[in-house]
Amino acid sequence: MAKQNLELKATSFTLSVLHINHHDLDLVAAELDNKLAQAPQFFLGAPLVLNLSAIQHTQIDFYALKQLLTDRNLIIVGITDASKEQIEQAKEMAIAVVKSGKQAPKAELPKRATKIVKQNVRSGQQIYAQNADLIIFGAVGNGAEVIADGSIHIYGALRGKAMAGAAGDNQSVIIANSLEAELVSIAGQYWLTEHLQQYTLNQRGCVRLDGESLTVESLPQ
Amino acid sequence: MAQIIVVTSGKGGVGKTTSSAAIATGLALKGKKTVVIDFDIGLRNLDLIMGCERRVVYDFVNVINGEANLNQALIKDKRCDKLFILPASQTRDKDALTKEGVGRVLDDLAKDFDYIVCDSPAGIEQGAMMALYFADIAIVTTNPEVSSVRDSDRILGMLQSRSRRAEQSLEPIKEYLLLTRYSPARVKTGEMLGVEDVKEILAIELLGVIPESQSVLKASNSGVPVIIDQESDAGLAYSDTVARLLGEDVPVRFITEEKRDSLKGYLVANYVDT
Ligand SMILES: Nc1ncnc2c1ncn2[C@@H]1O[C@H](COP(=O)(O)OP(=O)(O)OP(=O)(O)O)[C@@H](O)[C@H]1O
Ligand SMILES: [Mg+2]
């Protein structure tokens, strides 16, 4: 089959957004010159999206604004958060109107509690430390499951399943006096017994994430 | 007030009924007024092992349903006047065991007896749950093999979460490990787990080790609890177990291959050869 001459693919790019916070273009120009002087290379030919939210309700000279930016070698690829009129104007000038994706919420470190269990966790039992680290004074039996949003420390043998970083925290670790687990998992990356046994033979150790994959670290005696 | 003992395991056929009969008899022989109850509704065989199957008129479920009173249903053991048996029904379904009903019967018995031994059915269904629910002491009967040990671990979880003592946040059930059908020779060849392995996995106090023994089958076929047979190693091991249950400090026997027997076997084998 002949190769197609067109192909449409969705790809996301990271663009710088310039917030225009005042309608007085002389003020804007002066400030912009200042910024450009600080880092001329960074802005050279940079594609920019203009965020107009602060001046949505004021009249601005759109043509003048565009000119002001092109004069400084900045390329406007779109506007966002604009009023209806501004959008109309942008269309006339063949500038795209773009919508920003949901801003990724800043990864705030959740406040973490500690859950302590002072007994063996038996087959068929499940313990979940929600938004907490889990510490167990005892063993986790075959067929038992311990889960934590934080790290899991087992002062005994781990023979069942342990899942740390259950809510995605990839800094979580699993520590046990004897790693004989049916399954260990950190932030969704998991190993079954056979895999674990390639790294450790029922020894004391710490399972953690190294990039995308799990690894076992020995602990100081 | 009586102590309520459940003999439980999760896995079937590990020796619960054999152990219930032996331990109840042992307690009675030590002067404790004891009743042993068969919770295995529909599959009763405690009465067979106790040798009283011909004397069953009323059963546990009859008492729960108010169709008979305890005096009518309790069977007095013919060997020991401190021992009574409350047999299971062969006909009714397991759901006849309600928490209220079982609780009422146990309350009544507790006024009169020192020990109530509950022979649990296998599994984790209603019958097994009712047998363990009211317990003060659990004898977790385990064979030295992986699946039995796992099921015992599961039952230990139940004891800690689904019993009366757990639900009411009372002092937890006292849990003991009873290792049955133990064969030192098969431990040595690695076919079975050793005492230490099982103790390490289950992490509860060891009450006793009962060796695998021909005498058990012989005893149940003749309707005599094996503890009565003081010639047999299993009988002696059950006696030790009962002594420990009553707080005596008795060393564990029969966990290494017996020299005398293997030597005898060796001589016989040689003799046949020549
Ligand atoms: N120490 C032993 N040596 C040899 N055989 C044994 C021993 N203990 C139990 N057995 C045999 O194992 C079988 C099962 O025993 P028993 O009926 O006591 O088990 P159970 O746990 O009560 O079974 P179920 O789960 O069906 O109620 C019987 O045939 C019994 O004779
Ligand atoms: Mg039985």
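Above this note sits the structure.
Okay, so let's go over this structure. Predicted model only: the values in this text are computed from it and were never measured.

1. As for the overall build of chain A
The helix and strand inventory of chain A stands at five helices and 15 strands. Against the 2.2 N^0.38 benchmark of 17 Å for 221 residues, chain A shows a C-alpha radius of gyration of 28 Å, more extended than a compact globule. Dimensions along the principal axes, computed over C-alpha positions, put chain A at roughly 75 × 55 × 35 Å. The burial tally for chain A puts 39% of its 221 residues in the buried class. Nonlocal contacts in chain A, meaning residues at least 24 apart in sequence, comprise 34% of its contacts between residues at least 6 apart. Roughly 14000 Å² of accessible area belongs to chain A as shown, and the carbon and sulfur atoms make up 51% of that amount.

2. Observations regarding the overall build of chain B
A count of helical and extended segments in chain B gives 13 helices and eight strands. Compactness check: chain B gives a C-alpha radius of gyration of 19 Å against a globular reference of 19 Å for 274 residues, within 12% of the reference. Its C-alpha atoms put chain B at 70 × 40 × 35 Å along the principal axes. Per-residue burial for chain B yields a buried fraction of 53% across its 274 residues. When contacts within chain B are restricted to residue pairs at least 6 apart in sequence, long-range pairs at least 24 apart make up 73% of them. When the accessible surface of chain B is summed, it comes to about 12600 Å², and 49% of that surface belongs to carbon and sulfur atoms. If you average the places of the 33 positive and of the 40 negative side-chain charges in chain B, the two averages end up 2 Å apart.

3. Notes on the sheet that holds strand β3 (residues 75–76) of chain B
Residues and elements named next belong to chain B. Across the sheet, which stays open at both edges, the eight strands sit in the order β3-β4-β2-β5-β1-β6-β7-β8 with mixed pairing between neighbours. Looking at the sheet topology across the chains shown, the edges are occupied by β3 and β8 (205–211). Note that strand β6 (residues 137–142) and strand β7 (residues 174–182) share six bridges and pair parallel. Residue pairing in the sheet places T141 in a bridge with L178 of β7.

4. A closer look at the site of ligand 1
All names here are of chain B. The full set close to ligand 1 counts 16 residues, and G13, K16, T17, T18 and R181 are the nearest of them. Contact between ligand 1 and G13: an oxygen atom at 2.9 Å from a main-chain N or O atom of the residue. In the complex, the protein chains occlude 81% of the 630 Å² of accessible area that ligand 1 would expose alone. Tallied by class, residues from the shell around ligand 1 come to six nonpolar, six polar and four charged.

5. A word on the side chain of D153 of chain B
Along the chain, the position of D153 of chain B falls in helix α7 (residues 146–161). On the accessibility criterion, D153 of chain B (4% relative accessible area) is buried. For D153 of chain B, the contacting residues outside a window of four places in its chain are V121, R122, S123, G141 and N142 of chain A together with L202 of chain B.

6. Digging into the sheet that holds strand β12 (residues 183–186) of chain A
Residue and element names in this part refer to chain A. Strand order in the open sheet made by the five strands is β6-β8-β10-β12-β13, with mixed pairing throughout. On the outer flanks of this sheet lie β6 (126–129) and β13 (189–192), each paired with one strand and no other. Across the sheet, the axes of successive neighbouring strands diverge by a mean angle of 5°, strand direction being ignored.

7. As for the pattern of salt bridges
What the rule picks out here adds up to 19 salt bridges over all chains. Ionic pairing is found between R159 of chain A and E200 of chain B, a salt bridge with its closest N-O pair at 2.7 Å. Highlighted residues: R159 of chain A in the loop between β9 (152–158) and β10 (161–164) and E200 of chain B in helix α10 (residues 195–202), drawn from two different chains. Classification of R159 of chain A by relative accessible area gives buried; the value is 5%. Here the residues in one salt-bridge network are R159 and E180 of chain A together with E200 of chain B, joined through shared partners.

8. Remarks on unusual backbone geometry
Positive phi, normally seen in glycine, also occurs at A187 of chain A, with a value near 45°. Inspection of the secondary structure assignment puts A187 of chain A in the loop between β12 and β13. Accessibility expressed as a relative area gives 26% for A187 of chain A, which makes it partly exposed. A positive phi angle, near 55°, is found at R181 of chain B, a position not held by glycine. Judged by relative accessible area, R181 of chain B falls into the partly exposed class, the value being 40%.

9. Comments concerning the interface of chain B and chain A
Of the residues lining the interface, 13 residues belong to chain B; the matching set on chain A comes to 11 residues. Between chain B and chain A, roughly 890 Å² of surface is buried when both sides are summed, and carbon and sulfur atoms account for 36% of that area. Where chain B meets chain A, there are three salt bridges. Linking chain B with chain A are five residue pairs in polar contact (both at pLDDT 80 or more), by the criterion used here. When contributions to the side of chain B that touches chain A are tallied by element, the ones reaching two or more residues are α7 and α10 of chain B. By residue number, the principal contributor to the side of chain B that touches chain A is α7 of chain B, which donates seven residues. In terms of residue class, the side of chain B that touches chain A is built from five nonpolar, three polar and five charged.

About the criteria used
Residues numbered from 1 in each chain as written. Chains lettered and ligands numbered in written order. Predicted model: local features only at pLDDT ≥ 70, side-chain atom pairs only at ≥ 80, totals over all residues. Heavy atoms only, no water. Helix = DSSP H or I, 4+ residues; strand = E, 2+ residues; numbered from the N terminus. Rg over C-alpha atoms; globule rule 2.2 N^0.38 Å. Buried < 20%, exposed > 50% of the residue type's maximum accessible area, 1.4 Å probe, protein only. Contact = heavy atoms within 4.5 Å. Areas by Shrake-Rupley, 256 points an atom, 1.4 Å probe, with all protein chains shown as cover. Lys, Arg positive; Asp, Glu negative; His and termini not counted. Charge placed at Lys NZ, Arg CZ, Asp CG, Glu CD. Pairing = 2+ DSSP bridges. Near = heavy atom within 4 Å. Polar contact = N/O pair within 3.5 Å; in protein donor to acceptor, adjacent residues only side chain to side chain. Nonpolar A, V, L, I, M, F, W, Y, C, P; charged D, E, K, R; others polar. Axes fitted to C-alpha atoms, helices over the stretch in contact; angles between N-to-C directions. Salt bridge = Lys/Arg side-chain N within 4 Å of Asp/Glu carboxyl O. Buried area = accessible area lost by both parts, 1.4 Å probe.

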